[in-house]
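Examination of the molecular architecture
Residue strings, one per chain:
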Amino acid sequence: MASESFCKGKNSWPELFGEVGEVAAATIERENHLVNAVIVLEGTGVSEDLRCDRVRVWVDTNGIVTRVPIIE
């Protein structure tokens, strides 16, 4: 993963797959204070730029995490 080479702190949260989005976002921000966790509904268009201060938390219409959250 490209972000591992230059982004500081924890950068992947596989244990949060299937978790409630708000809980996942709070966990991410607690475990890596350098990032902002942003909840995004699946299917929403987003920019493709890599930012070491952002973790997208992809959720379904029920608010459940649908992808492993990573710095992106």
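These figures come from a predicted structure and were not determined experimentally. (Residues numbered from 1 in each chain as written. Predicted model: local features only at pLDDT ≥ 70, side-chain atom pairs only at ≥ 80, totals over all residues. Heavy atoms only, no water.)

1. Topic: the pattern of salt bridges
Going through the model one piece at a time under the given rule, you end up with five salt bridges. The partner of Glu31 in a salt bridge is Lys10, and the shortest N-O contact between them spans 2.8 Å. Residue Glu31 is found in helix α2 (residues 21–31), and its partner Lys10 is found in the loop between α1 (3–6) and α2; the two are separated by 21 residues along the sequence. On the basis of relative accessible area, Lys10 is assigned to the partly exposed category, the value being 31%. Linked by salt bridges that have partners in common, Lys10, Glu15 and Glu31 make up one network. (Salt bridge = Lys/Arg side-chain N within 4 Å of Asp/Glu carboxyl O. Helix = DSSP H or I, 4+ residues; strand = E, 2+ residues; numbered from the N terminus. Buried < 20%, exposed > 50% of the residue type's maximum accessible area, 1.4 Å probe, protein only.)

2. So, the state of the cysteines
Considering all chains together, one arrives at one disulfide under this definition. In this model Cys7 forms its disulfide with Cys52; the gap between the sulfur atoms is 2.0 Å. Its S-S torsion of about -70° marks the bond between Cys7 and Cys52 as left-handed, since a negative value means left-handed. Pair noted here: Cys7 is in the loop between α1 and α2 and Cys52 is in the loop between β1 (36–41) and β2 (54–59), with a separation of 45 residues, a long-range link. Its relative accessible area of 7% is what places Cys7 among the buried residues. Exposure remark for Cys52: the relative accessible area of 28% places this residue in the partly exposed category. (Disulfide = S-S within 2.5 Å.)

3. Thoughts on the environment of Asn62
Position of Asn62 relative to the elements: it lies in the segment after β2. Take Asn62: its relative accessible area is 65%, and that puts it in the exposed class. Sequence spacing of Asn62 and Gly21 is 41 residues, and the spatial spacing of their C-alpha atoms is 9.1 Å.

4. Describing the side chain of Asn32
Tracing the chain through its elements places Asn32 in the loop between α2 and β1. Asn32 sits in the buried class, given a relative accessible area of 2%. Not counting the four nearest positions on each side in its chain, Asn32 is found in contact with Lys8, Gly9, Lys10, Trp13 and Ile71. (Contact = heavy atoms within 4.5 Å.)

Spatial relationships are all this shows, so hold off on functional conclusions.
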